[in-house]
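# Topology and contacts: notes
Listed below, chain by chain, are the residues.
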Amino acid sequence: MDTLNPEELSSPVIDINAEEVKQELLEKYPTKVARKRAKQIVVNAIDLEGVVPEIQSNVRTTPGLIGQRGCTYAGCKGVVLGPTRDIVNITHGPIGCGFYSWLTRRNQTKPKGPEDHNFMMYCFSTDMQEEQIVFGGEKKLKQAIQEAYDLFQPKAIGIFATCPVGLIGDDVHAVAREMKEKLGDCNVFGFSCEGYKGVSQSAGHHIANNGVFTHIVGLDDKVREGKYKINMLGEYNIGGDAFEIERLFEDCGITLISTFSGNSSYDNFANSHTADLNLIMCHRSINYVAEMMETKFGIPWIKVNFIGAEATAKSLRKIAAYFEDPELTEKVEEVIAREMPAVEKVREEVKARCRGKVAMLFVGGSRAHHYQELFREIGMETIAAGYEFAHRDDYEGRRVLPGLKVDADSRNIEELHVEPDPGRFRPRLSPDQIARLEQGDLKLSEYQGMMPEMKSGSLVIDDISQFETEKLIEIFRPDIIGAGIKEKYVIQKSGVPLKQLHSYDYSGPYAGFKGAINFYREIDRMVNSKVWKYLKAPWQEHPELAAKYVWE
Amino acid sequence: MKRKSEPYVSTTNACKLCKPLGACLAFRGIEGAVPFLHGSQGCATYMRRYIISHFREPMDIASSSLGEKNAVYGGGANLKQGLHNVMTKYGARLIGVATTCLTETIGDDVPMIVRKFRQEKKGRERGPEIVTVSTPSYAGTHMEGFHAAVKAVVEQLARAGAATEAVNLLPGFVSPADIRYLREIFRDFEIPGIILPDFADTLDGQAQVDYEKIPAGGTPLEAIKRMGASRATVELGRTLFSQETAGQVLVERFDVPLHRLGTPIGLRETDAFFQILEQISGRPAPEPHAGERGRLLDAYVDGHKYIFGQKAVVYGEEDLVVGLTAFLAEIGVRPVLCASGGGSGRLAAAIAAVTGGLLPEPPVVREGMDFYEISEELEALEPDLLIGHSKGYHLARKRGIPLIRVGFPIHDRFGGQRILHLGYRGAQSLLDRIVNAILEKKQEDSRVGYGYL
Ligand code: SF4
Ligand code: SF4
């Protein structure tokens, strides 16, 4: 069920000729575009060492090709910082950028009590006007910060730069420093996340990681009670996913110090360096924080995936393996045994109706990978997949990292130089332990990427364009596509159901055991819906009737 | 909630969207058009997702996807490459290029870049029309963007020609259902109409067997070109009066007589609209519409006892707010606050004009409002209901009062694109919804739970 065995992986995908399909996708493009896209559309092939072909990714989208990507600001403010409830996030710029990122991601949060701040409902903006564009906006920004402080007394204020800010020369960091000093009891920090900076939201993730690490992580050394202390990285609590995962941790006796950043708070971030293990869900958006925490504080990280019941069980077991404590192992097994029967019951029922159907997933920087597990559990195969903003390591695995070229766009984004903290660096594992763990199944600091877990002969497409999506539908007519709201109605117009994997079509959770059940049911409803049969009216299906209409 | 005496510097929970979004909506209402944003791709992505969540329809917006280098050295090359790609792959008949804050700030001369692009392409292929409009969001809201795009289309495409019987109708930003209804009215008057923009089909389309990249529908390009030869233009929206609008361009360039009217919401504004159509067509209002008017009046009488004296807060786009306020005043609801994120400077005068004589006390009228400020005003006003788009939901929830959803964006209810606001029929449906919302609230709050109300 879980990961495919090598034999399965090398067995060909349903009878498609992926090479031919690739040619068909490229055919219509002007030569220059075709040449570029050819490197981003790859037929998967896994060799005996598990090495997969190279795929070009994290490169600029061709102008005029309508795609899925957002901007650096979206990745920084919307994705990484957005889900934290008690930081006041001020967008410095004209109104649109802030408005469009106002609660659109459906990240949920649960304040601890009535005293606990929750600014999730708010969208703060400096609403730049012509005057600021011409004469500079720092003054207005300072006033906005003061205003937010006076009204809400937050612990922290984040400032997010949008495209015009860099161009008119406003220095958000200088303003932040000045206001932090002035306010005294409020941490103020800026993010130079102008939308044009990177090639996608990915650049924004990196900038956000740097900011959170520099300005918040490590501010509070208080050590919390708890035996198995972890942080959960790259989980944003869409549709309540984090709640379900938190439930499982609690039942297993695992202490969650901080999540980055679903259902999280400023204090959790500040204290997160006291954890003993970092778990990474979405590798793309958050691996920088994990690496920096490892270097500075000595916290190891492992890749986990709570999407899929089997994947969830496996991830819990990984945590237990890391802590090497039979008590935890026992608890984890108990929880899995308790949860699985309900999952299996629904899974078998749904599988009977979904087996053999095919899916395509074009989404995000980790979900195109994670969700393949869920589909596999109900017997559905993913024949084509790709990310919107991931890098080569998310496709091919971190083994490619040393050889990655740094292009002009990546060079824009600062790489922080981090060193072990003289007082607080504490290796969590002895060399012996590390050796022992690696002997077993547990890979520290490792992510294998999506492609090694997809069948040979399947299609991998980076930064897919609308045009290519339509072509693929024409060729394959998959039973379902997982993507986002921008693709939803285009695809459904063609009679193929689309599952939104950013916002979950306003339902969820899909993580953990309960989430898996939700997802099975949802996919069953979608791929077995009868509505598509009615696309043709009776008179369109019976030509003798249609013949009467001139417009036919 | 804390309050401050001076006006706020920052905007918290805005009641407006950004300028190019309006332009994209307007372009989407033209046959074969693909909206195109000159800027970095984030803006296009954000606007697409916003528009899609309201209309539940595909909404393609191309982008020139500028990066840091272009932000420094100019985005001309990207714009040209993007135009070329949209031309070759989407078969666009018109590309509507709107600028964004980024390209406005760096000062790209878009009309010049497009001129060059045309020259380079000349002779090789008959390309699509390209219309350009300047839409910096740091000056104006989505409504200014909408009207600017409509004006740009007319300026750049309409020509003189042998006079036709057609009447140009510039409805402003109304719903697809409204546009369909306007078409019906014109048809019943037997007036050949050119409605610009017309996204009744492009933003509320049918399920299809085969997907078309560019949805069918929209104002035909040929018709737009003939707008200079029409016998009249009807332009809706009181805050547009005396402004340099598309209607005004048609007057100045082609002497097409212009009738400027309020957005026809409620009885009196609709009467004025029908009157103009009667005048233009030389015939009385066709029977179905006269009948609808009669039934509406009847409903005004029947509904009065339920809603009389109820206090309402109306917010949203300025012209929508004006129309709704006119309507509320005539059904006996007391608008206590009329708020908009827009800042035309003409809202107060327009509200005064449509409520004159009907209200014992004029409502508070505020431009440039955000929801934080609206929320503060609510404390003292204690309204019974809110009328506006989805963004007011939290206020309604906090106060435990109904929200009548109208306008854009609506992302917490189904069918926002099919809400009818205009005309006798729109007034009827708004009235039914308002009365029922009040009844529902009454029933829910009642300890007895009466079944007859
Ligand atoms: S930069 Fe301007 S155009 Fe782009 S989203 Fe922000 S406000 Fe709108
Ligand atoms: S690309 Fe720039 S202007 Fe557009 S939404 Fe992103 S930050 Fe705002």
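Because the structure is predicted, anything quoted here is derived from the model rather than measured.

A separate point is the overall build of chain B. The number of helices and strands found in chain B is 17 helices and 14 strands. By the compact-globule yardstick of 22 Å for 453 residues, chain B fits well, its C-alpha radius of gyration being 22 Å. A buried classification covers 63% of the 453 residues belonging to chain B. Nonlocal contacts in chain B, meaning residues at least 24 apart in sequence, comprise 75% of its contacts between residues at least 6 apart. Of the accessible surface of chain B, which amounts to about 16800 Å², a share of 49% is contributed by carbon and sulfur atoms. In chain B, the 53 positive side-chain charges and the 53 negative ones have mean positions that sit 4 Å from each other.

The next point concerns the site of ligand 1. What surrounds ligand 1 is the set A:Pro94, A:Gly96, A:Cys97, A:Tyr100, B:Cys18, B:Pro20, B:Cys43, B:Met47, B:Thr100, B:Cys101 and B:Ser137. Ligand 1 sits at the junction of chains A and B, each of which supplies nearby residues. When contributions to the shell around ligand 1 are tallied by element, the ones reaching two or more residues are α5 (95–100) of chain A together with α2 (41–55) of chain B. Element by element, the count of residues in the shell around ligand 1 is highest for α5(A), at three residues. Of the residues that constitute the shell around ligand 1, the class distribution is eight nonpolar, three polar and no charged.

By the definition in use, this model includes 59 salt bridges over all chains. Two residues, A:Arg424 and A:Asp421, come together in a salt bridge whose shortest N-O distance is 3.4 Å. Its relative accessible area of 27% is what places A:Arg424 among the partly exposed residues. The exposure class assigned to A:Asp421 is buried, which follows from its relative accessible area of 13%. Two residues, B:Lys225 and B:Glu129, come together in a salt bridge whose shortest N-O distance is 2.9 Å.

All names here are of chain A. Along helix α15 (residues 326–354), the helix axis deviates most sharply at Met340, where the bend reaches about 35 degrees; the proline Pro341 sits within four residues downstream. Buried residues of α15: Leu328, Val332, Val335, Ile336, Glu339, Met340, Val343, Val346, Arg347, Val350, Lys351 and Cys354, and no others. In this structure, the buried side of α15 is in contact with β6 (228–235), α11 (241–252), β7 (254–261), α14 (309–323), α16 (367–377) and α22 (512–527). The N-capping residue of α15, defined by a side-chain oxygen 2.9 Å from the backbone nitrogen of Glu327, is Asp325.

Taken together, A:Cys71, A:Tyr73, A:Cys97, A:Thr162, A:Cys163, A:Gly195, B:Ser40, B:Gly42, B:Cys43 and B:Tyr46 are the residues near ligand 2. Mapping the residues adjacent to ligand 2 onto the chains of the assembly identifies chains A and B. Of all the elements, α2(B) adds the most residues to the shell around ligand 2, at three residues. When grouped by side-chain class, the residues that make up the shell around ligand 2 number six nonpolar, four polar and no charged.

Of all the 10 residues making up helix α1 (residues 19–28) of chain B, 10 are buried; the element is thus mostly covered by neighbouring parts of the structure. Regarding α1(B), the residues found buried are B:Lys19, B:Pro20, B:Leu21, B:Gly22, B:Ala23, B:Cys24, B:Leu25, B:Ala26, B:Phe27 and B:Arg28.

Quick look at the interface of chain B and chain A now. Each partner contributes residues to the interface: chain B has 66 residues there, and chain A has 67 residues. For the pairing of chain B and chain A, the buried interface totals around 6100 Å² over both sides, and the portion due to carbon and sulfur atoms is 63%. Where chain B touches chain A, the interface holds two salt bridges. Between chain B and chain A we count 20 residue pairs in polar contact (both at pLDDT 80 or more) in total. Counting only elements with at least two residues in the side of chain B that touches chain A, the list comes to β1 (11–12), α2, β3 (62–63), α3 (68–73), α4 (76–90), α5 (101–106) and α15 (371–381) of chain B. When residues in the side of chain B that touches chain A are grouped by element, the largest group, 10 residues, is from α2(B). Residue composition of the side of chain B that touches chain A, by class: 29 nonpolar, 25 polar and 12 charged. Bridging between strand β3 (residues 124–125) of chain A and β1(B) involves two bridges; their strand directions are antiparallel. The partner of A:Ser125 across the bridge, within β1(B), is B:Thr11.

Residues and elements named next belong to chain B. Each domain of chain B was delimited in the assignment, giving domain 1 (19–150), domain 2 (167–281) and domain 3 (300–445). Each partner contributes to the interface: domain 1 provides 26 residues, whereas domain 2 provides 26 residues. Both sides together, the interface formed by domain 1 and domain 2 hides about 2100 Å², and carbon and sulfur atoms give 70% of it. Taken as a group, Arg28, Phe55 and Val150 account for 25% of the area that domain 1 buries against domain 2, more than any other trio of residues on that side. Across the contact surface, domain 1 and domain 2 share one salt bridge. At the boundary of domain 1 with domain 2, the tally comes to seven residue pairs in polar contact (both at pLDDT 80 or more). Of all the secondary structure elements, the ones that give two or more residues to the side of domain 1 that touches domain 2 are α1, β2 (33–38), α4 and α7 (142–157). With five residues, α7 is the largest single contributor of residues to the side of domain 1 that touches domain 2. Its residues assigned to classes, the side of domain 1 that touches domain 2 comprises 14 nonpolar, five polar and seven charged.

All right, on to unusual backbone geometry then. Residue and element names in this part refer to chain A. Note the cis peptide between Phe260 and Ser261, where omega equals 5 degrees. Across the junction of Gly508 and Pro509, the peptide omega takes the value -5 degrees, indicating a cis bond. One non-glycine residue, Asn58, lies in positive phi territory at about 55 degrees. You can see Asn58 is positioned in the loop between β1 (41–43) and α4 (72–81). Look at Asn58 and you get buried, because its relative accessible area is 14%.

Rules used throughout
- Residues numbered from 1 in each chain as written.
- Chains lettered and ligands numbered in written order.
- Predicted model: local features only at pLDDT ≥ 70, side-chain atom pairs only at ≥ 80, totals over all residues.
- Heavy atoms only, no water.
- Helix = DSSP H or I, 4+ residues; strand = E, 2+ residues; numbered from the N terminus.
- Rg over C-alpha atoms; globule rule 2.2 N^0.38 Å.
- Buried < 20%, exposed > 50% of the residue type's maximum accessible area, 1.4 Å probe, protein only.
- Contact = heavy atoms within 4.5 Å.
- Areas by Shrake-Rupley, 256 points an atom, 1.4 Å probe, with all protein chains shown as cover.
- Lys, Arg positive; Asp, Glu negative; His and termini not counted.
- Charge placed at Lys NZ, Arg CZ, Asp CG, Glu CD.
- Near = heavy atom within 4 Å.
- Nonpolar A, V, L, I, M, F, W, Y, C, P; charged D, E, K, R; others polar.
- Salt bridge = Lys/Arg side-chain N within 4 Å of Asp/Glu carboxyl O.
- Bend = angle between axes of the 7 residues up to and from the residue.
- Polar contact = N/O pair within 3.5 Å; in protein donor to acceptor, adjacent residues only side chain to side chain.
- Buried area = accessible area lost by both parts, 1.4 Å probe.
- Pairing = 2+ DSSP bridges.
- Domains from an automatic or database assignment.

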